[in-house]
Amino acid sequence: MAALIVLADDHPRTHVADRLAAELVSLGETVPADVIAAANRLDLYYMGSRYPDALGGGDPVKILQEADALAAIGQAERVLAYCRAIVERPS
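Residues numbered from 1 in each chain as written. Predicted model: local features only at pLDDT ≥ 70, side-chain atom pairs only at ≥ 80, totals over all residues. Heavy atoms only, no water.

Focus: helix α2 (residues 17–26)
Here's step 1: Here α2 has its buried residues at Ala17, Leu20, Ala21 and Leu24. On an axial view of α2, the arc spanned by its buried residues comes to 100°, and they lie on one face. Residues Arg19 and Ser26 are exposed on α2 and point more than 90 degrees away from its buried face.
Here's step 2: Once α2 ends, the next one or two residues include Gly28, with phi positive near 95°. (Buried < 20%, exposed > 50% of the residue type's maximum accessible area, 1.4 Å probe, protein only. Helix = DSSP H or I, 4+ residues; strand = E, 2+ residues; numbered from the N terminus. Arc of directions from axis to C-beta.)

Notes on a nonpolar patch on the surface
Here's step 1: Together, Val6, Leu7, Leu27 and Val87 line one region of the surface with nonpolar side chains, adding up to about 280 Å² of accessible area.
Here's step 2: Along the chain, Val87 falls in helix α5 (residues 66–87).
Here's step 3: Judged by its relative accessible area of 37%, Val87 falls in the partly exposed class. (Patch = residues over 30% accessible without salt bridge, like charges linked within 9 Å, V, L, I, M, F, W, Y side chains within 5 Å. Areas by Shrake-Rupley, 256 points an atom, 1.4 Å probe, with all protein chains shown as cover. Salt bridge = Lys/Arg side-chain N within 4 Å of Asp/Glu carboxyl O.)

A short note on the side chain of Glu29
Here's step 1: Along the polypeptide, Glu29 turns up in the loop between α2 and α3 (33–50).
Here's step 2: With relative accessibility at 15%, the residue Glu29 sits in the buried group.
Here's step 3: Leave out the neighbours within four places in its chain, and Glu29 touches Leu7, Leu24, Tyr82, Ile86 and Arg89. (Contact = heavy atoms within 4.5 Å.)

With respect to α5
In an α-helix, one turn spans 3.6 residues, which is why side chains three or four residues apart end up on the same side.
Here's step 1: The end-to-end C-alpha distance of α5, which contains 22 residues, comes to 31 Å, matching closely the 32 Å that a straight helix rising 1.5 Å per residue would cover.
Here's step 2: All of the buried residues in α5 are Ala72, Gln75, Val79, Tyr82, Cys83 and Ile86. Projected down its long axis, α5 shows its buried positions confined to an angular sector of 95°, all on one face. The exposed set on the far side of α5, more than 90 degrees from its buried face, consists of Glu66, Ala67, Leu70 and Glu77. (Expected span 1.5 Å × (residues − 1).)

Given below as structure tokens:
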């Protein structure tokens, strides 16, 4: 989201990774496939934690395990590094 604010002084009203990546592309940014994949994977955690019924009615605490959390941290670090590079880019 910060990358979009830096680039366009605006942002879409969503947290859905596909939409955010599409917005970056529309602004002329190249979004690497691994960043898109990591962001899309993070959507699974976002949706399940915000809308517990998104996981088919299962309890997120029982479905998501420590390995999932560690994987999510790695994915978030990849997305953050990409966005940080945009935010810190000299103008």
